[in-house]
Amino acid sequence: MTSHLMNTYGRLPFALSHGRGCRVWDTDGRAYLDGLGGIAVNTLGHAHPKLVPALQDQVAKLIHCSNYYAAPMQEALAAKLCELSGLDAVFFCSTGLEANEGALKIARKFGHDRGIDKPEIIVYEHAFHGRSIATLSATGNPKVQAGFGPLVEGFVRLALNDLDQVRAVARSNPNVVAIFLETIQGEGGINPTRIDILQGLRQICDEQDWLLMLDEVQCGIGRTGKWFAHQWAGIKPDVMPLAKGLGSGVPIGAIVAGPRAKDVLQPGNHGTTFGGNPLAMRAGIETLRIMEEDGLMANAAAMGERLRAGITEGLGQLPGFKEMRGQGLMIGIELDRPCGALLLKAAQAGLLLSITADTVIRLLPPLIIDAAEVDELLAILVPLVRDFLGASHP
Ligand SMILES: *Cc1c(COP(=O)(O)O)cnc(C)c1O
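Residues numbered from 1 in each chain as written. Predicted model: local features only at pLDDT ≥ 70, side-chain atom pairs only at ≥ 80, totals over all residues. Heavy atoms only, no water.

(A) Molecular detail of the overall build of the protein. When helices and strands are tallied, the protein shows 12 helices and 17 strands. Relative to the 2.2 N^0.38 estimate, which gives 21 Å for 394 residues, the radius of gyration of the protein is 21 Å and therefore close to what a compact globule would have. With the principal axes as the frame, the protein shows a C-alpha extent of 60 × 50 × 45 Å. Evaluated residue by residue, the protein yields a buried proportion of 54% over its 394 residues. Excluding contacts between residues fewer than 6 apart, the proportion of contacts in the protein whose partners are at least 24 apart in sequence is 72%. (Helix = DSSP H or I, 4+ residues; strand = E, 2+ residues; numbered from the N terminus. Rg over C-alpha atoms; globule rule 2.2 N^0.38 Å. Buried < 20%, exposed > 50% of the residue type's maximum accessible area, 1.4 Å probe, protein only. Contact = heavy atoms within 4.5 Å.)

(B) Seen up close, the environment of R325. Relative to the helices and strands, R325 is located in strand β13 (residues 321-327). Assessed through its relative accessible area of 13%, R325 is described here as buried. When the C-alpha atoms of R325 and R362 are compared, they prove to be 9.6 Å apart, with 37 residues separating the residues in sequence. A distance of 3.0 Å separates the side chain of R325 from the backbone oxygen of G189, its partner in a polar contact. A polar contact of 2.8 Å, which involves the side chain of R325, links it to the backbone oxygen of I190. (Polar contact = N/O pair within 3.5 Å; in protein donor to acceptor, adjacent residues only side chain to side chain.)

(C) View of unusual backbone geometry. Across the junction of G149 and P150, the peptide omega takes the value 0°, indicating a cis bond. By secondary structure assignment, the location of P150 is in the loop between α6 (142-145) and β6 (155-158). Despite not being glycine, H126 shows a phi value in the positive range, around 70°. Within the secondary structure, H126 is located in the loop between β5 (120-124) and α5 (133-138). The backbone of I190 sits at a positive phi, close to 60°, despite the residue not being glycine. Here I190 lies in the loop between β8 (184-185) and β9 (191-192). With relative accessibility at 0%, the residue I190 sits in the buried group.

Worth remembering: the numbers are spatial, not functional.
Now the structure itself:
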């Protein structure tokens, strides 16, 4: 059968039809354990018994109404995000790239407001910020950029976890206005920014009057065991783009801003049709409420611990195992060879996961995963990786 879809994805040869908790079924009735969570989106797993009735209620009341009107549900979710982050104001959109695009606009206008005509933003190698022209330009992956030049200018790219490089830029480049990075790089292979580096970046931004903009689209919303991954470093960003896990599957994005960034955008500067619609807001409000009610951050920390212990025990001594990285339920297992073939093998063994940066097995399960499911995940994953390393070459 000819497909009428643009050929943008390498897709596995089965379709998912429904799910419950951490399990999903395909159209042939085969069950899978969900170690991917729709790429860090399905915070509450599938068909969560508290989320489903809330969304059904909302669909029956009001899905969308435009930003022409007062927005009490946006106010409610914004207040909650500010309470959890210690920041002050929120703009709602629908995706991660959109949140990042807005952050980049804030940084540029922040510069213009200070009389800098050609503002520049520090970004990082191996970063991923999305696939619009501006966000792919900020992304540090030539494969994402190939074919889409000319890229947007005004980015200075550095190596992650190196403050000296940032200080050198501060000395030599008066046009810099912001540092933009993922607190933990996701698509780049689960590469955490070190805690001391985050603290150093905060200090440099304070000294230089730059904005610290932390892309928490993948690592935020409880996944690491705190609401936001940067909270492990005891710092606050000036701008924090969010998306993925915030709506448990309903498309939603948000830019959360602190005192120095919250008033940069003024009437007429920014907007979006779908952003902040009542369905997305309800999904966000209920997701955060259920996470609190059910203690899902503590669960993410504990289950992440259990998963990492099992991986270390089962795989840590194998010659092809290089390193495990990440925090909570954001885990990368780097092998010494490309392992894309594991995607289908894992699915055939009943486990959904992803492979990123060619050599990294990435696990991003729903935050509701329990101990029995973690053990089941390990019981599938460990022999699979052992066999793969035994039967292939670096
Ligand atoms: C997924 C992701 C994005 C892009 O989000 P989309 O919703 O796909 O546009 C941006 N930044 C990070 C860190 C991501 O993981």
